[in-house]
Amino acid sequence: MLFDWLRKKKPEKKPVDPLAAFDQLIEDLERQGAEVRKSAATLLALKGDLVRSEDRYVKRLQDIAKRRAVADQQGDTKIATTLERDRSQTEALLVTTRESLNRAEQDSKLLLEAAADLGNRVAELRTERESASARLAVGGAISTALREQVERFDKLLAVDAARDEIERAHALADIYREERGETAKEG
């Protein structure tokens, strides 16, 4: 007791609004959905760049093949060797680009499905929240009605108690009256 003032007072817990929990979850899911859609959009943009790169590498390979055919006809082995090195590098780039394109397609598809699932979940939660809000409103009205009914019941109990008290007073008065009547007769 002496050191009560040293103790930290615990903050009073405020009643938790059940609808606030729904609102917080909906907000979190909407934020997560926005991030997922943003990532999917980034992958779709990357996919477009990769498709253009793939086309560029395919055209480069066609160009290298034509130039190689000309070099082979002219018998220029130095140019043919350089073009062969360019061809193998371009094919390696094309393979890497196609792998990246495949992965970007799969990942963007997965992210778009996740975004759709999050959107559906948010819609379900909004519906559930509206239902909960309606139930809380009805529950509040019922609680108010029940509280009024309890107050009326308390009033009825008070009236019954008053009646009982009156009857006891009458009974007590009757007892005194009877004792007085007997005392008056004896005297």
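Scroll up for the structure.
Below is a summary of the structure that appears in this document.

Reading the values: the criteria
- Residues numbered from 1 in each chain as written.
- Predicted model: local features only at pLDDT ≥ 70, side-chain atom pairs only at ≥ 80, totals over all residues.
- Heavy atoms only, no water.
- Helix = DSSP H or I, 4+ residues; strand = E, 2+ residues; numbered from the N terminus.
- Buried < 20%, exposed > 50% of the residue type's maximum accessible area, 1.4 Å probe, protein only.
- Areas by Shrake-Rupley, 256 points an atom, 1.4 Å probe, with all protein chains shown as cover.
- Core = buried A, V, L, I, M, F, W, Y, C linked by side-chain atoms within 4.5 Å.
- Contact = heavy atoms within 4.5 Å.
- Phe/Tyr/Trp six-rings, centres within 6.5 Å; stacked < 30°, edge-to-face > 60°.
- Lys NZ or Arg CZ within 6 Å of the ring centre and 35° of its normal.
- Salt bridge = Lys/Arg side-chain N within 4 Å of Asp/Glu carboxyl O.
- Expected span 1.5 Å × (residues − 1).
- Patch = residues over 30% accessible without salt bridge, like charges linked within 9 Å, V, L, I, M, F, W, Y side chains within 5 Å.

So, the overall build of the protein chain
Each helix and strand in the protein chain was counted, giving two helices and zero strands. Buried positions account for 16% of the 187 residues belonging to the protein chain. Accessible surface, the protein chain: about 15,300 Å² in total, of which carbon and sulfur atoms supply 56%.

Some remarks on the nonpolar core
Of all hydrophobic cores here, the largest spans ten residues; its members are Leu 19, Phe 22, Ile 26, Leu 29, Val 36, Ala 115, Leu 118, Val 122, Leu 125 and Ala 132. For this core, the secondary structure elements donating two or more residues are helix 1 (18–74) and helix 2 (77–186). Setting aside chain neighbours within four positions, we find Ile 26 in contact with Val 122, Leu 125, Arg 126 and Arg 129.

Some points on the packing of aromatic side chains
If you walk through the whole model with that rule in mind, you get zero aromatic pairs. Above the face of the Tyr 57 ring, Arg 56 is positioned so that its terminal group lies 5.6 Å from the ring centre.

Considerations on the pattern of salt bridges
Any two side chains of opposite charge can pair if their charged atoms end up close together. Tallied over the entire structure, the rule returns 16 salt bridges. For Asp 28, the salt bridge is made with Arg 31, and the minimal N-O distance between the two is 3.1 Å. One end of the pair, Asp 28, and the other, Arg 31, are both in helix 1, three residues apart, so they sit about a helical turn from each other. With a relative accessible area of 44%, Arg 31 lands in the partly exposed category. The closest approach of N and O atoms between Glu 54 and Arg 98, which form a salt bridge, is 2.7 Å.

Thoughts on the environment of Ala 41
Relative to the helices and strands, Ala 41 is located in helix 1. Each C-alpha atom of the pair Ala 41 and Leu 112 lies 8.9 Å from the other, and the pair is 71 residues apart in sequence.

Some points on helix 1
When the terminal C-alpha atoms of helix 1 are compared, their 84 Å separation across 57 residues agrees well with the 84 Å that a helix rising 1.5 Å per residue should span. A positive phi of about 75° marks Gly 75, the residue just after helix 1.

Points about a nonpolar patch on the surface
On the surface, a nonpolar cluster with roughly 270 Å² of combined accessible area is contributed by Val 138, Ile 142 and Leu 146. Following the sequence through the fold, Val 138 ends up in helix 2.

What about the side chain of Thr 90?
On the secondary structure map, Thr 90 appears in helix 2. Owing to a relative accessible area of 3%, Thr 90 belongs among the buried residues under this scheme. In this structure, Thr 90 is in contact with Tyr 57, Arg 60, Leu 61 and Ile 64, ignoring residues within four places of it in sequence.

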